[in-house]
Amino acid sequence: MRRVSIFGATGSVGQNTIDLIARDPGAYDVVALTGGRNVAQLAADARRLKADIAVTAFDDELDALRAALEGSGIAAAAGQAALCEAAARPADWVMSAIVGAAGLEPGLIALRQGATLALANKESLVCAGALVLETAKAHGGRLLPVDSEHSAVFQALVGEDMSAVERVIITASGGAFRDWPLDALKAATLAEASSHPNWDMGQRITIDSASMFNKALELIETKEYFGVRPDQIEVIVHPESLIHAMVGFNDGALMAHVGPPDMRHAIGYALHWPDRRALPVSRLDFAQIAQLNFRAPEDARYPALRLARLVMERGGLSGAVFNAAKERSLDAFIAGRIGFLDMAAIVEEVLARFEAKAGLIDAAMTLDNVRNTDHLARQWADDVMAVRAG
Ligand code: NAD
Ligand code: MG
């Protein structure tokens, strides 16, 4: 039986992972499930999958989790230390599906145990790409991409030589506002930003899709995971979200990965890799689809893409700054304190502030330095917002 743990089990990716695992209960020994405030869901899944332990990220949810697990024999725990302890429990395959930089440390710990880490948490690679890859290498852990675009690239590269790769093209739906007049974006509301044309995902990544911060993170993720140069990576808006990515080779051929917008494909590929197994996703009918559309992303609509290019050129800890400032301004947008377009402006200003403080971005990429940088960037994002609010 394969020992599996799921970090962020109550979220969108976590629930899709559970859907696959629950279809074949005899094949898996579930070690740890983790979640946040949705402890009823967490406890129900822990019971159904007979997990050893369930962990909520929040200390004040521990009593509720304990009560929900009463009589099950499943251990309950809460807080950051408990998440790290759960990540240190021996497992063969670990899903990293916490949202945000909070997903970094549990993933690093799992890699240190030599586990296979299925990485949905793109923030890990954005904040600390070199550290994550080095940790996997040093401890015999393996990193498998789960983000749909990166799973697509990974699959297009099977049997190929990286030296023959010319370009990597990741697609973007264009998000909720792809067809809005530009001057309407300023007044876009939280509800409007929280609906996605094609994918059913967590709220944060859905808003990040509308602003293209999600694709910005994915540009950096592509560079870090596949080791390609920034100028080899392209973003194309593809409203149907059926082609997830394309890899272009030196003979002019493009390998495109095509499939329905269903995360269970990418999760299942990482779960069964290197095998392919039957997955419960719909099959595409091209006569029905009839046409696929593409357009270049407009710079004015999606400033986050330009910022991601700055970050890729800059390297070092600038990814951690970028992500933390993005998370903080997203918090503020969700709380109704800033407008939709303010997010990119704030991230840009925080990046500039770091650039002006010689040395900060060039500190060694240790977990401590990433954490401190993340902390400082959040504070500076708050400062920038306070100044802008006058
Ligand atoms: P979600 O918001 O639906 O779920 C997030 C999970 O993380 C929940 O279990 C939540 O309880 C937990 N969590 C939240 N804050 C936490 C904290 N501070 N500490 C510990 N746990 C915390 O998110 P999602 O859409 O499933 O996305 C998860 C990750 O996967 C993100 O990094 C996202 O970018 C990536 N991803 C998601 C999709 C998708 O289809 N949803 C696709 C590709 C990549
Ligand atoms: Mg993606």
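Residues numbered from 1 in each chain as written. Chains lettered and ligands numbered in written order. Predicted model: local features only at pLDDT ≥ 70, side-chain atom pairs only at ≥ 80, totals over all residues. Heavy atoms only, no water.

### So, the pattern of salt bridges
- Evaluated as defined, the whole model comprises 32 salt bridges.
- For the salt bridge of D60 with R37, the shortest nitrogen-to-oxygen distance reads 3.1 Å. Residue D60 is found in the loop between β3 (53-56) and α3 (62-69), and its partner R37 is found in the loop between β2 (28-35) and α2 (39-49); the two are separated by 23 residues along the sequence.
- The exposed category is assigned to D60, whose relative accessible area is 59%.
- In this structure, E85 and R89 form a salt bridge, with 3.3 Å as the shortest nitrogen-oxygen distance.
- Judged by its relative accessible area of 39%, E85 is partly exposed. (Salt bridge = Lys/Arg side-chain N within 4 Å of Asp/Glu carboxyl O. Helix = DSSP H or I, 4+ residues; strand = E, 2+ residues; numbered from the N terminus. Buried < 20%, exposed > 50% of the residue type's maximum accessible area, 1.4 Å probe, protein only.)

### Details of the nonpolar core
- Within the largest apolar cluster, 131 residues are counted, with the highest numbers of intra-cluster contacts made by L33, M95, F322, F340 and V350.
- Those residues in contact with M95 that lie beyond four places of it in its chain are S5, I6, F7, V13, T17, A118, A120, V146 and I267. (Core = buried A, V, L, I, M, F, W, Y, C linked by side-chain atoms within 4.5 Å. Contact = heavy atoms within 4.5 Å.)

### Focus on the site of ligand 1
- With respect to spatial proximity, 23 residues lie near ligand 1, and among them T10, S12, V13, G36 and E123 are the closest.
- The separation between an oxygen atom of ligand 1 and a polar side-chain atom of T10 is 2.7 Å.
- Between an oxygen atom of ligand 1 and a main-chain N or O atom of A120, the distance comes to 3.4 Å.
- For ligand 1, the accessible surface in isolation is 830 Å², of which the surrounding protein chains cover 85%.
- If you map ligand 1 onto the pockets, it falls in the largest pocket.
- Going through the elements one at a time, α1 (12-22) and α6 (122-139) are the ones with two or more residues in the shell around ligand 1.
- Grouping the constituent residues of the shell around ligand 1 by class yields twelve nonpolar, eight polar and three charged.
- Summarising the domain contributions, the shell around ligand 1 has at least three residues from each of domain 1 (2-145) and domain 2 (150-261 + 271-289). (Near = heavy atom within 4 Å. Polar contact = N/O pair within 3.5 Å; in protein donor to acceptor, adjacent residues only side chain to side chain. Areas by Shrake-Rupley, 256 points an atom, 1.4 Å probe, with all protein chains shown as cover. 1 Å grid on protein atoms, 1.4 Å probe; cavity = no way out; pocket = protein on both sides within 12 Å on 5 of 7 lines; lining within 4 Å. Sits in = over half its atoms within 2 Å of the grid points. Nonpolar A, V, L, I, M, F, W, Y, C, P; charged D, E, K, R; others polar. Domains from an automatic or database assignment.)

### Some thoughts on the domain arrangement of the protein chain
- On domain assignment, one finds that the protein chain holds domain 1 (2-145), domain 2 (150-261 + 271-289) and domain 3 (315-389).
- Placing a centre on the C-alpha atoms of domain 1 and another on those of domain 3 gives a separation of 27 Å.
- Each partner contributes residues to the interface: domain 1 has twelve residues there, and domain 3 has eleven residues.
- Of the roughly 840 Å² buried between domain 1 and domain 3, counting both surfaces, carbon and sulfur atoms make up 66%.
- On the domain 1 side of the contact with domain 3, V126, C127 and L131 bury the most area, a combined 47% of that side's loss.
- Linking domain 1 with domain 3 are one salt bridge, by the criterion used here.
- Taken together, domain 1 and domain 3 are joined by two residue pairs in polar contact (both at pLDDT 80 or more).
- For the side of domain 1 that touches domain 3, the element with the highest residue contribution is α6, accounting for seven residues.
- Here the residues of the side of domain 1 that touches domain 3 are counted per class, giving eight nonpolar, two polar and two charged. (Buried area = accessible area lost by both parts, 1.4 Å probe.)

### Comments concerning the pairing of strand β8 (residues 165-172)
- Most of β8 is tucked away, with six of its eight residues classed as buried.
- Direction of pairing for β8 relative to strand β10 (residues 243-249): antiparallel, over a ladder of five bridges. Considered in β10, the bridge of I170 is made with A245.
- Relative to strand β9 (residues 233-237), β8 runs parallel, the two being bridged by five bridges. The partner of A172 across the bridge, within β9, is V237. (Pairing = 2+ DSSP bridges.)

### Considering the environment of V370
- Mapped onto the elements, V370 comes out in helix α16 (residues 367-389).
- Sequence separation between V370 and L317 is 53 residues; the distance between their C-alpha atoms is 6.8 Å.

### Considerations on the sheet that holds β8
- With respect to topology, four strands assemble into an open sheet ordered β9-β8-β10-β11, the strand pairing being mixed. Both edges of this open sheet fall to β9 and β11 (254-258), since each of them pairs with a single strand only. Strand after strand, the sheet turns through a mean of 20° between neighbouring axes, direction not considered.
- Contacts from helix α7 (residues 148-156) reach β8, β10 and β11, with the element oriented near 40° to β10. (Axes fitted to C-alpha atoms, helices over the stretch in contact; angles between N-to-C directions.)

### What about the layout of surface pockets?
- If you add up the space inside the largest pocket, you get close to 1,200 Å³.
- Lining the largest pocket are 50 residues, and of these A97, I98, V99, G202 and R204 lie nearest its centre.
- When contributions to the lining of the largest pocket are tallied by element, the ones reaching two or more residues are α1, β2, α4 (80-88), α6, α7, β8, α9 (203-211) and α10 (213-226).
- Among the residues making up the lining of the largest pocket, the classes are represented as 17 nonpolar, 22 polar and eleven charged.
- Its volume calculated, the second largest pocket comes out at about 240 Å³.
- Around the second largest pocket, the lining comprises 19 residues; the ones closest to its centre are H265, R276, L279, V281 and R283.
- At the level of secondary structure, the elements contributing two or more residues to the lining of the second largest pocket comprise β11 and α11 (263-272).
- Residue contributions to the lining of the second largest pocket peak at four residues, all from α11. (Points joined across faces, edges and corners; volume = space filled by probe spheres on them.)

### What about α7?
- With respect to burial, α7 is a largely interior element, nine of its nine residues being buried.
- Residues of α7 that are buried include every one of S148, E149, H150, S151, A152, V153, F154, Q155 and A156, and no others.
- Residues of α7 that are buried in the fold lie against β7 (142-145), β8, α10, β10, β11 and α11.

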